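Listed below, chain by chain, are the residues.
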Amino acid sequence: MKLLHIDSSIQADSSASRAITSEIVKQFRARDPGLEIDYRDLAAAPLPHLSFAGLATPEAQAVLEDFLAADIVVIGAPMYNFTISSQLKAWLDHILIAGRTFSYGPEGVTGLAGGKRVVVALSRGGLYSEGMPGAANEHAETYLRAVLGFIGIADPEFIVAEGVALGPDQRQAALEAALARSAPVAGSVLARAA
Ligand SMILES: Cc1cc2nc3c(=O)[nH]c(=O)nc-3n(C[C@H](O)[C@H](O)[C@H](O)COP(=O)(O)O)c2cc1C
């Protein structure tokens, strides 16, 4: 089984999403030591902005093939300026490819990547959960759910740490709760993938 691990935070050691993806991958590895893990750090090695010429390069093809080859995809998604990082957007621009991950037909759109299990580690400085005043400005989780659903991944798991910029206590509590969810999520994803 293959796992693709993606990070996209511009922060290094202080990144919440990196800490969470690292724990999620550790939990997968503990349950399946034979797991083949491919890692892509989109901040350290950013992909170019979208262009038709760029999509035709061997590097772009490799990005798509790595995604297509993965059974499980773990995505670190920091919220910057109310949505995902531009680095992660550039990666999505490389994997939303007609004929490979989705197709259009008379019935509408068909997602072609439905067999994959996706876990997103999402970190947000403020509070955007349902019922919070900030909820209407949440364009990271909502966007990722739309994009993943479009390519057939209807049931991604989200592990969210929010309020991490509101003070050290809130940050620690949010991180601890997110890290604690990693083990059960990895367990249930593997049970579904089996
Ligand atoms: C450039 C930048 C923009 C940010 N924009 C937002 C924002 O719009 N809303 C928010 O709640 N937090 C915002 N934050 C806080 C981040 O969401 C928070 O630091 C989160 O942990 C980012 O994930 P990371 O720690 O993995 O980088 C921003 C942080 C940075 C550095």
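Just so it is clear, the structure is predicted and the values come from calculations on it, not from any experiment. (Residues numbered from 1 in each chain as written. Predicted model: local features only at pLDDT ≥ 70, side-chain atom pairs only at ≥ 80, totals over all residues. Heavy atoms only, no water.)

### A word on the pairing of strand S4 (residues 102–105)
Line of reasoning, step 1. Across four bridges, S4 lies against strand S5 (residues 108–111) in antiparallel orientation. Each bridged residue has a counterpart across the sheet, and for Ser103 the counterpart in S5 is Thr110.
Line of reasoning, step 2. Linkage of S4 to S5, two consecutive antiparallel strands, is achieved through a turn of two residues. (Pairing = 2+ DSSP bridges. Helix = DSSP H or I, 4+ residues; strand = E, 2+ residues; numbered from the N terminus.)

### Some remarks on the UniProt feature "binding site: FMN" (unreviewed entry) in the protein chain
Line of reasoning, step 1. Per the UniProt record, "binding site: FMN" (unreviewed entry) is found at Ser9, Ser15, Ala16, Ser17, Met79, Tyr80, Asn81, Phe82, Ser123, Arg124, Gly125 and Gly126.
Line of reasoning, step 2. Tracing the backbone shows Asn81 in the loop between strand S3 (72–78) and helix H4 (86–95).
Line of reasoning, step 3. Classification of Asn81 by relative accessible area gives exposed; the value is 74%.
Line of reasoning, step 4. Structurally, Phe82 is set in the loop between S3 and H4.
Line of reasoning, step 5. Leaving out residues up to four positions away in the same chain, Phe82 has contacts with Tyr128, Asn137, Glu138, His139 and Ala140. (UniProt positions renumbered as here; feature names shortened; annotations may be inferred. Buried < 20%, exposed > 50% of the residue type's maximum accessible area, 1.4 Å probe, protein only. Contact = heavy atoms within 4.5 Å.)

### Thoughts on the site of the ligand
Line of reasoning, step 1. Residues in contact with the ligand amount to 16 residues; listed here are only the nearest, Ser9, Ser15, Ser17, Met79 and Ser123.
Line of reasoning, step 2. Take Ser17: an N or O atom from its side chain is 2.5 Å from an oxygen atom of the ligand.
Line of reasoning, step 3. At a separation of 2.8 Å, an oxygen atom of the ligand approaches a polar side-chain atom of Tyr80.
Line of reasoning, step 4. Of all elements in the fold, only helix H1 (16–31) and strand S6 (117–124) reach the threshold of two or more residues within the shell around the ligand.
Line of reasoning, step 5. Each residue belonging to the shell around the ligand can be placed in one class, and the counts come to seven nonpolar, eight polar and one charged. (Near = heavy atom within 4 Å. Polar contact = N/O pair within 3.5 Å; in protein donor to acceptor, adjacent residues only side chain to side chain. Nonpolar A, V, L, I, M, F, W, Y, C, P; charged D, E, K, R; others polar.)

### Description of the packing of H1 against helix H6 (residues 168–193)
Line of reasoning, step 1. Closest axis-to-axis distance for the H1/H6 pair is 9 Å, and the angle between their directions is 30°. The orientation of H1 relative to H6 falls into the category roughly parallel. Between H1 and H6 the crossing geometry is right-handed. Packed against H1, whose contacting residues are Ala16, Ala19, Ile20, Glu23, Ile24, Gln27, Phe28 and Arg31, the element H6 presents Arg171, Leu175, Ala178, Leu179, Ser182, Ala183, Ala186, Gly187, Val189 and Leu190 at the interface.
Line of reasoning, step 2. Looking at side-chain class alone, the contact of H1 with H6 contains 12 nonpolar, three polar and three charged residues. (Axes fitted to C-alpha atoms, helices over the stretch in contact; angles between N-to-C directions. Parallel < 35°, antiparallel > 145°, perpendicular 65-115°, else oblique. Left-handed = near helix turned anticlockwise from the far one by under 90°.)

### Observations regarding the packing of aromatic side chains
Line of reasoning, step 1. Inspection of every chain in the model, using the stated rule, returns five aromatic pairs.
Line of reasoning, step 2. Between Phe82 and Tyr128 the ring centres are 6.5 Å apart and the planes differ by 80°, which places this aromatic pair in the edge-to-face class. Of the two residues, Phe82 sits in the loop between S3 and H4 while Tyr128 sits in the loop between S6 and helix H5 (141–150), which places them 46 residues apart along the sequence.
Line of reasoning, step 3. Given a relative accessible area of 14%, Tyr128 falls into the buried group. (Phe/Tyr/Trp six-rings, centres within 6.5 Å; stacked < 30°, edge-to-face > 60°.)

### What about the packing of H4 against H5?
Line of reasoning, step 1. Where H4 meets H5, the closest approach of the two axes is 12 Å, and the angle between their N-to-C directions is 10°. Relative to H5, H4 is oriented roughly parallel. From H4, Leu88, Lys89 and Leu92 reach across to H5, where they touch Tyr143, Leu144 and Val147.
Line of reasoning, step 2. Its residues assigned to classes, the contact of H4 with H5 comprises five nonpolar, no polar and one charged.

### Quick notes on the nonpolar core
Line of reasoning, step 1. The biggest cluster of nonpolar side chains holds 32 residues, and the ones touching the most others in it are Phe67, Val73, Leu88, Trp91, Ile95, Val120 and Leu144.
Line of reasoning, step 2. Looking at this core, the elements with two or more residues in it are strand S1 (2–7), helix H3 (58–69), S3, H4, S6 and H5.
Line of reasoning, step 3. If you tally residues by element for this core, the top one is H4, at five residues.
Line of reasoning, step 4. Counting residues in hydrophobic clusters, the runner-up holds 21 residues, among them Leu3, Ile20, Val74 and Val164. (Core = buried A, V, L, I, M, F, W, Y, C linked by side-chain atoms within 4.5 Å.)

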